Amino acid sequence: MASEPDQIGLIMQLRRRGIRDARVLRAIERVPRELFVDPAFADHAYQDIALPIDCGQTISQPYVVAFMTEKLDLDDSHKVLEIGTGSGYQAAVLSHLCRQVFTVERWRELQKAAGRRFAKLGTANVTTIIGDGWIGWPPQAPYDRIIVTAAAPEPPQALIDQLKPGGRMIIPLGQTRDTQSLVEIEKTDTGIAQKPLLPVRFVPLLHGRVKPGERS
């Protein structure tokens, strides 16, 4: 189980790496990361590293979570769509910074486990959905912000369509894990404007839901 010094040490490390938004740092401080990792890796929960989770997926390193969250530039009125729930850690951080989070996961096992974690924490403004991340979640569109935690070769058009004018999406783009870049997308009156942010490595954004019996 993590101790207070572990949490403080992580926050200090994030500050040293350039995370300056006090609201983002406070949100990360409020989320018990050990609850979102495999118990076998609990001792590593507050190290700034990615860790494996079920279904062949990963929980992103805290710096990447903090960086992506900071670049979303959230406020309390925002409705956010997350693609790739995973363990639920990123959504838990977002929940402290915006009005509502809708998070889509293709693995039912992960979606259910994340839902149990949110219930345990009393997180009431996150809705988990089993679905296809490539098509987003049209019933609640449009969204002020969209965050994608798996890499696509190009921004999915469905997600761009579900973003409000003036909205922002943070997404890793790249054909292979060695060529991925985190990209900020702004939706304007004339289209979209893209800005590369930093090199990253994410699992690929796959089409469709996972079928019963499918393996990672």
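See the structure shown above.
Everything quoted here is computed from the prediction, not taken from an experiment. (Residues numbered from 1 in each chain as written. Predicted model: local features only at pLDDT ≥ 70, side-chain atom pairs only at ≥ 80, totals over all residues. Heavy atoms only, no water.)

**A look at the pattern of salt bridges**
Inspection of every chain in the model, using the stated rule, returns 7 salt bridges. With its nearest N and O atoms 2.4 Å apart, the salt bridge here joins Asp 178 to Arg 201. With Asp 178 in the loop between β7 (163–173) and β8 (181–188) and Arg 201 in the segment after β9 (191–199), the pair connects residues that are 23 residues apart, well separated along the chain. The closest approach of N and O atoms between Glu 184 and Lys 195, which form a salt bridge, is 3.9 Å. In this pair, Glu 184 sits in strand β8 while Lys 195 sits in strand β9, placing the two residues 11 residues apart along the sequence. (Salt bridge = Lys/Arg side-chain N within 4 Å of Asp/Glu carboxyl O. Helix = DSSP H or I, 4+ residues; strand = E, 2+ residues; numbered from the N terminus.)

**Details of the environment of Ile 11**
Inspection of the secondary structure assignment puts Ile 11 in helix α1 (residues 4–16). With 55 residues separating them in the primary sequence, Ile 11 and Ala 66 have C-alpha atoms 10.0 Å apart. Setting aside chain neighbours within four positions, we find Ile 11 in contact with Leu 25, Ile 28 and Glu 29. (Contact = heavy atoms within 4.5 Å.)

**So, unusual backbone geometry**
The linkage connecting Ala 141 with the following residue, Pro 142, adopts the cis geometry, with an omega of 5°. Relative to the elements of secondary structure, Pro 142 occurs in the loop between β5 (126–130) and β6 (143–148). The backbone phi angle of Cys 55 is positive, close to 65°, even though this residue is not glycine. With respect to the helices and strands, the residue Cys 55 is situated in the loop between β1 (51–52) and β2 (58–59). Taking the relative accessible area as the measure of exposure, Cys 55 reaches 11% and is therefore buried. A positive phi is found at Asp 73, a non-glycine position, where the angle reads about 55°. Among the structural elements, Asp 73 can be located in the loop between α3 (62–72) and β3 (79–83). (Buried < 20%, exposed > 50% of the residue type's maximum accessible area, 1.4 Å probe, protein only.)

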